[in-house]
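# Reading the structure
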Amino acid sequence: MSLITKIFALLVALEFLYIFYLETLATASDKTAKVFGMTADELKRDSVNTLFKNQGVYNGLISVLILIAVFAFSSKTALIFLMIYIVAVALYGSLTSNPKIILMQGGLAILTLITCIF
């Protein structure tokens with residue numbers, strides 16, 4: 001696995017750790033409201049707050065899996081499958097929620113996939 005692939009993978013992992021932070025630890029913050037285009041009052045609702053925290057744990061786990069694939073196992077194959085999964089989820093989000101998601105959540109993963117191929 002090349003150094004550039006590891007750097008891009010690390011950036012994807014950091015992105016997902018940041019999403020974890022926003023959704024799980026800073027759920028009702030002004031920054032989270034801005035990033036997700038919601039009001040802080042919406043984020044304080046118990047049902048929304050619980051959903052965000054659950055989603056945040058998922059994003060944190062994705063980050064951990066990327067780090068394990070790259071640094072513990074040095075597995076390009078595992079990394080490729082994780083990046084394909086991230087791009088697929090971002091594509092779904094862009095089709096069902098906001099077209100920008102494919103670039104915001106999938107952009108770095110796409111670049112990481114490209115570095116894996118070349």
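Residues numbered from 1 in each chain as written. Predicted model: local features only at pLDDT ≥ 70, side-chain atom pairs only at ≥ 80, totals over all residues. Heavy atoms only, no water.

### A short note on unusual backbone geometry
Stated formally: Put simply, DSSP marks the helices as runs of H or I at least four residues long and the strands as runs of E at least two long, and each gets a number from the N terminus on.
Its identity as a non-glycine residue notwithstanding, serine 74 has a phi of 45°, on the positive side. Mapping serine 74 onto the fold places it in the loop between helix 4 (46-72) and helix 5 (76-96).

### Some points on the confidence of the model for the chain
Rule in force here: Confidence per residue, as judged by the predictor, is encoded in pLDDT with a range of 0 to 100.
Residues of the chain with pLDDT of at least 70 account for 100%, and the chain-wide mean is 96. Per-element confidence in the chain ranges from a low mean pLDDT of 94 for helix 3 (residues 40-44) to a high of 98 for helix 1 (residues 3-25).

### Examining the packing of aromatic side chains
Here is the rule we go by: Side-chain rings of Phe, Tyr and Trp, where Trp is taken by its six-membered ring, are said to pair if the distance between their centres is within 6.5 Å; with planes under 30 degrees apart they count as stacked, over 60 as edge-to-face, and otherwise as tilted. For the exposure calls, accessible area comes from a 1.4 Å probe over protein chains only, and a residue counts as buried if that area is under 20% of its type's maximum, exposed if over 50%, partly exposed in between.
Applying the stated criterion across every chain yields a total of three aromatic pairs. Each ring, one from tyrosine 18 and one from tyrosine 21, has its centre 6.4 Å from the other, and the planes form 25°; the classification is stacked. Placement of both tyrosine 18 and tyrosine 21 in helix 1 is noted, with a separation of three residues, approximately one turn of the helix. Each ring, one from phenylalanine 36 and one from phenylalanine 52, has its centre 5.1 Å from the other, and the planes form 85°; the classification is edge-to-face. Placement of the pair is phenylalanine 36 in helix 2 (residues 30-36) and phenylalanine 52 in helix 4, with a sequence separation of 16 residues. Using a relative accessible area of 13% as the deciding quantity, one classes phenylalanine 52 as buried.

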